[in-house]
Amino acid sequence: VGRFENFPLHKLCYKHSSTTAQELRLCIENQEEVEESLVDEFGMTPFHVLFSTTGPSGELLKVLLEKYPFHVLGLKDANDKLAMDY
């Protein structure tokens, strides 16, 4: 049982160096409730997770930006940080 067990988008963003844009697109398409799957127990969205990694993938960021409304970038996590604060 890992932190991202119920958050496959977060997991793919965390493993950005081995995740392809196509894998991320497929995962997004397979999500039943998009909005509910965006925020984990730490208040982090996939954007938070991606931006907190070393050398985040521009390709994955592009996929996220294509699929999610921009207001998601304004969500703060449990540490009161925006994704771009990372």
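As shown above, the structure is provided for reference.
Remember, it's a predicted structure, so these values are computed and weren't measured experimentally.

Novice: I'm lost on the side chain of T45 in this one. Help?
Specialist: With respect to the helices, strands and loops of the structure, T45 is situated in the loop between α2 (21-30) and α3 (46-51). Within polar-contact distance, the side chain of T45 engages the side chain of H48 at 2.9 Å. Aside from chain neighbours lying at most four places away, what touches T45 is H10, L38, V39, V72 and L75.

Novice: What's the story with helix α4 (residues 58-67) in this structure? I'm lost.
Specialist: Residue pairs three or four apart in sequence face the same way in an α-helix, which turns once every 3.6 residues. Residues of α4 that are buried include every one of L60, V63 and L64, and no others. On an axial view of α4, the arc spanned by its buried residues comes to 95°, and they lie on one face. Away from its buried face, by an angle of more than 90 degrees, α4 presents the exposed residues G58, E59 and K62. Turning to α4, the residues buried within the fold contact α1 (8-14), α2 and α3. Capping the start of α4, S57 holds a side-chain oxygen 3.3 Å from the backbone nitrogen of E59, two or three residues further along.

Novice: Looking at this structure, how should I read the pattern of salt bridges?
Specialist: Pairing is possible between side chains that carry opposite charge, provided their charged atoms lie close to one another. Within the structure shown, the criterion is met by three salt bridges. With a shortest N-O distance of 3.8 Å, D80 and K76 are connected by a salt bridge.

Novice: Can you help me understand the packing of α2 against α4 in this one?
Specialist: The relative placement of two packed helices is expressed as an angle between their axes plus a distance between the axes. Contact pair α2 / α4: the axes reach a minimum separation of 9 Å and the direction vectors enclose 25°. By the angle between their axes, α2 is roughly parallel relative to α4. Note that α2 runs across α4; the crossing there is right-handed. On α4, the residues that touch A21, L24, R25, I28 and E29 of α2 are E59, L60, V63, L64, E66 and K67.

Novice: What should I look at first to understand α2 in this one?
Specialist: Here α2 has its buried residues at A21, L24, C27 and I28. Taken down its axis, α2 places every buried residue within 125° of arc, on the same side. In α2, the exposed positions that point more than 90 degrees away from the buried face belong to E29 and N30.

The rules behind each value
- Residues numbered from 1 in each chain as written.
- Predicted model: local features only at pLDDT ≥ 70, side-chain atom pairs only at ≥ 80, totals over all residues.
- Heavy atoms only, no water.
- Helix = DSSP H or I, 4+ residues; strand = E, 2+ residues; numbered from the N terminus.
- Polar contact = N/O pair within 3.5 Å; in protein donor to acceptor, adjacent residues only side chain to side chain.
- Contact = heavy atoms within 4.5 Å.
- Buried < 20%, exposed > 50% of the residue type's maximum accessible area, 1.4 Å probe, protein only.
- Arc of directions from axis to C-beta.
- Salt bridge = Lys/Arg side-chain N within 4 Å of Asp/Glu carboxyl O.
- Axes fitted to C-alpha atoms, helices over the stretch in contact; angles between N-to-C directions.
- Parallel < 35°, antiparallel > 145°, perpendicular 65-115°, else oblique.
- Left-handed = near helix turned anticlockwise from the far one by under 90°.

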